[in-house]
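# A closer look at the structure
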Amino acid sequence: MNSNFGRRPVLAGLALALIGTHASAKGIKMEDQIPFGMIGKIKAQPGKRAELIAILGSGTGAMPGCRAYLIAEDGKDPDATWITEIWDDAASHKASLQLPAVRDAIAKGRPLIAGFELSAETRPVAGASFLRG
């Protein structure tokens, strides 16, 4: 299994801390929250994509601050999955990692993950349902 899975929360936490420091330095208040997004490609163990998707989907029912959590199959790679997330702010994403359902999904899904191929943090600015909420 790719060792980046264990480092991902640490690296994400560091990035979130830097974003928060930058926002404070710029005088951004909590009510002026910056939307936060993530897009990532997860490679499942061979033949385990459907099982991994089911587990990932089970932990997303009630995540405060989550505007969208989309799980999509890669059209060309039968073991790859794309996750697209949109959050009210980076703090909401960070807090979601402590929810029991999310922690349970991570623990169950970890053995099915072969690696993380791509990951990017984004700042959502527009879209069909972006401003709904």
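In this report, we go over the structure that sits alongside the text. Every chain begins its residue count from 1, and numbering advances along the sequence as written. The model is predicted, so local features are restricted to residues of pLDDT at least 70 and side-chain atom pairs to those at 80 or more, both for listing and for counting; the totals for chains, interfaces and linings are taken over all residues. The side-chain figures draw on all heavy atoms in the structure; neither hydrogens nor water molecules are used.

## Quick word on the pattern of salt bridges
Salt bridge criterion: a side-chain nitrogen from Lys or Arg within 4 Å of a carboxyl oxygen from Asp or Glu. Under the counting rule described, the total for this entry stands at 7 salt bridges. Between Lys41 and Asp74 there is a salt bridge, and its shortest N-O distance comes to 3.9 Å. Pair noted here: Lys41 is in strand β1 (residues 36-44) and Asp74 is in the loop between β2 (66-73) and β3 (80-87), with a separation of 33 residues, a long-range link. Across the pair Glu117 and Lys41 runs a salt bridge whose closest N-O atoms are separated by 3.1 Å. Taken together, the positions of Glu117 in strand β4 (residues 113-122) and Lys41 in strand β1 put the pair 76 residues apart, joining distant regions of the chain. Note on exposure labels: buried denotes an accessible area under 20% of the residue type's maximum, exposed denotes more than 50%, and partly exposed covers the range between, all computed with a 1.4 Å probe on protein chains only. Owing to a relative accessible area of 13%, Lys41 belongs among the buried residues under this scheme. It is possible to trace a salt-bridge network through shared partners that takes in Lys41, Asp74 and Glu117. For the purposes of this entry, the term helix denotes a DSSP run of H or I that reaches at least four residues, the term strand denotes a run of E that reaches at least two, and both are numbered from the N terminus.

## Considering the pairing of β3
Note that β1 and β3 share 8 bridges and pair antiparallel. Following the sheet pairing, Lys41 is matched in β3 by Trp82. Where β2 and β3 come together, 7 bridges link them in antiparallel fashion. Note on β3: the bridge partner recorded for Leu70 is Thr84. Two successive antiparallel strands, β2 and β3, enclose a turn made up of 6 residues. Each pair of strands is called paired provided DSSP finds at least two bridges between the two strands.

## Let's talk about the sheet that holds β1
Taken together, the 4 strands give an open sheet; going across it, the order is β2-β3-β1-β4, and neighbouring strands pair in antiparallel fashion. Whereas interior strands pair on both sides, the edge strands pair on one side only; in this sheet they are β2 and β4. Each strand of the sheet is rotated relative to its neighbour by a mean of 15 degrees, with strand direction disregarded. Pairs of residues are marked as contacts when any of their non-hydrogen atoms sit within 4.5 Å. Helix axes are fitted only over the stretch in contact, all axes being lines through C-alpha atoms; the angle between N-to-C directions runs from 0 to 180 degrees. Contacting β1, β2, β3 and β4, helix α2 (residues 49-58) crosses the sheet at an angle of about 170 degrees to β2.

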